[in-house]
Amino acid sequence: MAGRTAAAGRGGRDQRDPRGPRAGSGPPPAPPAGRWPGRYRAPRLPEGRGRRRLLLALALGPALLIGGLALWLLYGSAWLRVESVMVDGESALTERQVLDAAGVPLGDPLVSVDPGEVERRLLEALPRIGSVEAARSWPHGVELTVRERKAVVVMVQDAQNGEGGGDEDGTRGRRYAEVDDEGVLFGTVAERPAGVPLLALDLAGSPSGHRFGPGRMRQEAVGVAAALPDRVRRDTRTIRVRSYDSITLEMSGGRTVVWGSGEDSDAKARSLTLLMKAADGAQRFDVSVPGTPAASGS
């Protein structure tokens, strides 16, 4: 048997299929290097600067689109425009006066309204306004909230000392300048407001008038008026200033209060309240030294 096998190897019939290996009889041939039949290969992103520019463009594109849309909505569209201006807090002033001084044009883009500029215009045009707040009210309005100054004393306008003669009959036909608690002259009225004292500056020949000036003396009197209890202020007809340390209240019924200087006005007001209760029928009260008040007359 061994000889038969060897003969076949030398001259016998070759048992191998001349067509090569049959299908399925061995592993498939490997594809050429670098090629993958039937599979999609994504394009590679550029490297270096090109890659950074592409990423930047992809990031900025939506932002620019949104920004452009926002600008159009705020400035170009008819949706966010001023349709109304509302005023709150006015009393002596009229709504029309406030609106005219504010100068907010209807129909303008609401975003173009500068609240700070509106407030500046109001304060400059209307001294009666002590403070104001302007604010946009989206989507179509502007709100103005004003606080008017309140008079604590009045002075007869164009009178040398602010009094203008006897208040009973000498001020008829005259106008009154209103002064607030900061000493600001902010307006004039035809009639003296009820419960507001008249301020008279009798500084002729007084060293205080030359040293401090009428403005400082007016401020001292305003501080006194602001410190007075409401009942006392309503009964006070005139606050008379003769010098820095000589301020007198002239009250109804011929009563007078010696106040002294404008210093310690809160303490003096408290002493005056107690003194008036203790000496109800007195005509003259002295609180120039608030720790030792005195009353006299009946």
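As shown above, the structure is provided for reference.
This section reports on the structure supplied with the text. Note that residues are indexed from 1 along each chain, following the sequence as it is written. This being a predicted model, a pLDDT of at least 70 is required before a residue's local features are given, and a value of 80 or more before pairs of side-chain atoms are given or counted; all residues contribute to the totals for chains, interfaces and linings. Calculated side-chain values reflect all of the structure's heavy atoms, with hydrogen atoms and water omitted.

Attention now moves to the pattern of salt bridges. Working definition: two side chains of opposite charge can pair if their charged atoms are close together. Salt bridges, as used here, are contacts in which a Lys or Arg side-chain nitrogen is within 4 Å of a carboxyl oxygen on Asp or Glu. Within the structure shown, the criterion is met by 12 salt bridges. Across the pair glutamate 117 and arginine 121 runs a salt bridge whose closest N-O atoms are separated by 3.8 Å. Taken together, the positions of glutamate 117 and arginine 121, both in helix α4 (residues 115-125) and 4 residues apart, correspond to about one turn of that helix. Think of it in three bands: residues with accessible area under 20% of the maximum for their type are buried, residues over 50% are exposed, and the middle band is partly exposed, with areas taken using a 1.4 Å probe on protein chains only. According to the relative accessible area criterion, arginine 121 is partly exposed, its value standing at 25%. Note that glutamate 178 is salt-bridged to arginine 128, the shortest N-O span being 2.6 Å. Placement of the pair is glutamate 178 in strand β5 (residues 176-179) and arginine 128 in the loop between α4 and β2 (129-137), with a sequence separation of 50 residues. Summarising the burial analysis for this pair, glutamate 178 and arginine 128 share the class buried. If you follow the salt bridges from partner to partner, you end up with Glu117, Arg120, Arg121 and Glu124 in one network. Put simply, DSSP marks the helices as runs of H or I at least four residues long and the strands as runs of E at least two long, and each gets a number from the N terminus on.

With that out of the way, let us pick up the sheet that holds β2. Spatially, the 3 strands line up as an open sheet ordered β1-β3-β2, and their pairing is mixed. At either end of the open sheet lies a strand with only one pairing partner, and these are β1 (84-88) and β2. Going across the sheet, the axis of each strand differs from the next one's by a mean of 15 degrees, ignoring polarity. Relative to strand β3 (residues 141-148), β2 runs antiparallel, the two being bridged by 8 bridges. Bridge pairing in β3 links valine 132 to valine 146. What makes two residues a contact is simply this: any of their non-hydrogen atoms within 4.5 Å. Only the contacting stretch of a helix is used when fitting its axis, a line to C-alpha atoms as for every element, and angles between N-to-C directions run 0 to 180 degrees. Running over the sheet, α4 touches β2 and β3 and is turned about 150 degrees from β2. When DSSP finds at least two bridges between two strands, those strands are taken to pair.

Once that is clear, we can look at the side chain of arginine 233. By the secondary structure assignment, arginine 233 is in helix α7 (residues 230-235). When its relative accessible area of 17% is taken as the criterion, arginine 233 is described as buried. Here a polar contact is taken to be a pair of N or O atoms separated by no more than 3.5 Å, where protein atoms must pair a possible hydrogen donor with a possible acceptor and residues adjacent in sequence count only if both atoms sit in side chains. A distance of 2.9 Å separates a polar side-chain atom of arginine 233 from the backbone oxygen of leucine 228. Sequence-distant contacts of arginine 233, that is, excluding residues within four places in its chain, are made with Gly195, Pro197, Ala225, Ala226 and Leu228.

A few words on the packing of helix α6 (residues 213-227) against helix α8 (residues 265-278). The contact between α6 and α8 brings their axes to 9 Å, and the two run at 45 degrees. In terms of orientation, α6 and α8 fall into the oblique class. By crossing handedness, the relation of α6 to α8 is classed as right-handed. When α6 is examined against α8, the residues Gly223, Val224 and Ala227 are found in contact with a partner set consisting of Ser265, Asp266 and Ala269. For this classification, the nonpolar set comprises Ala, Val, Leu, Ile, Met, Phe, Trp, Tyr, Cys and Pro, the charged set comprises Asp, Glu, Lys and Arg, and every other residue, Gly included, is treated as polar. Partitioned by chemical class, the residues of the contact of α6 with α8 number 3 nonpolar, 2 polar and 1 charged. Oblique is the label for any angle not under 35 degrees, not over 145, and not in the 65 to 115 range, which are roughly parallel, roughly antiparallel and roughly perpendicular in turn. Note on convention: the crossing is left-handed when the near helix lies turned anticlockwise from the far helix by less than a right angle, right-handed when the turn is clockwise.

As a further point, take the nonpolar core. Counting residues in each nonpolar core, the largest one holds 29 residues, and the members touching the most others are Leu249, Val257, Trp259 and Leu272. Every element with two or more residues in this core is listed here: β4 (153-156), β7 (198-201), α6, β8 (236-243), β9 (246-251), β10 (256-260) and α8. Counting residues per element, this core draws most heavily on α6, which supplies 5 residues. Ranked by size, the runner-up nonpolar core spans 20 residues in total, among them Ala101, Leu110, Val113 and Val146. We define a nonpolar core as any set of buried Ala, Val, Leu, Ile, Met, Phe, Trp, Tyr and Cys residues linked to one another through side-chain atoms lying within 4.5 Å.

A few words now on the side chain of glutamate 178. Under the relative-accessibility criterion, glutamate 178 is labelled buried at 7%. A polar side-chain atom of glutamate 178 sits 2.6 Å from a polar atom in the side chain of arginine 128. Discounting residues that sit within four places of it in the chain, glutamate 178 has contacts with Arg128, Ala151, Val153, Val154, Val184, Leu185, Phe186, Gly187, Thr188, Val189 and Pro193.

Glancing now at the pairing of β10. Note: β9 against β10, 4 bridges, orientation antiparallel. Paired with leucine 249 across the two strands is valine 257, which belongs to β10. Between β9 and β10, which pair antiparallel in sequence order, lie 4 residues; one of them, glycine 253, sits at a positive phi of approximately 75 degrees. Of the pairings in the sheet, the one linking β10 to strand β11 (residues 284-286) comprises 3 bridges and is parallel in character. From the neighbouring strand, valine 257 faces β11, where its bridge partner is phenylalanine 285. By the criterion used throughout, a crossover qualifies as right-handed when its path from the first strand across the helix to the second strand runs clockwise, the strands pointing away from the viewer. After leaving β10, the chain enters α8 and then returns to the sheet as β11, a path that is left-handed.

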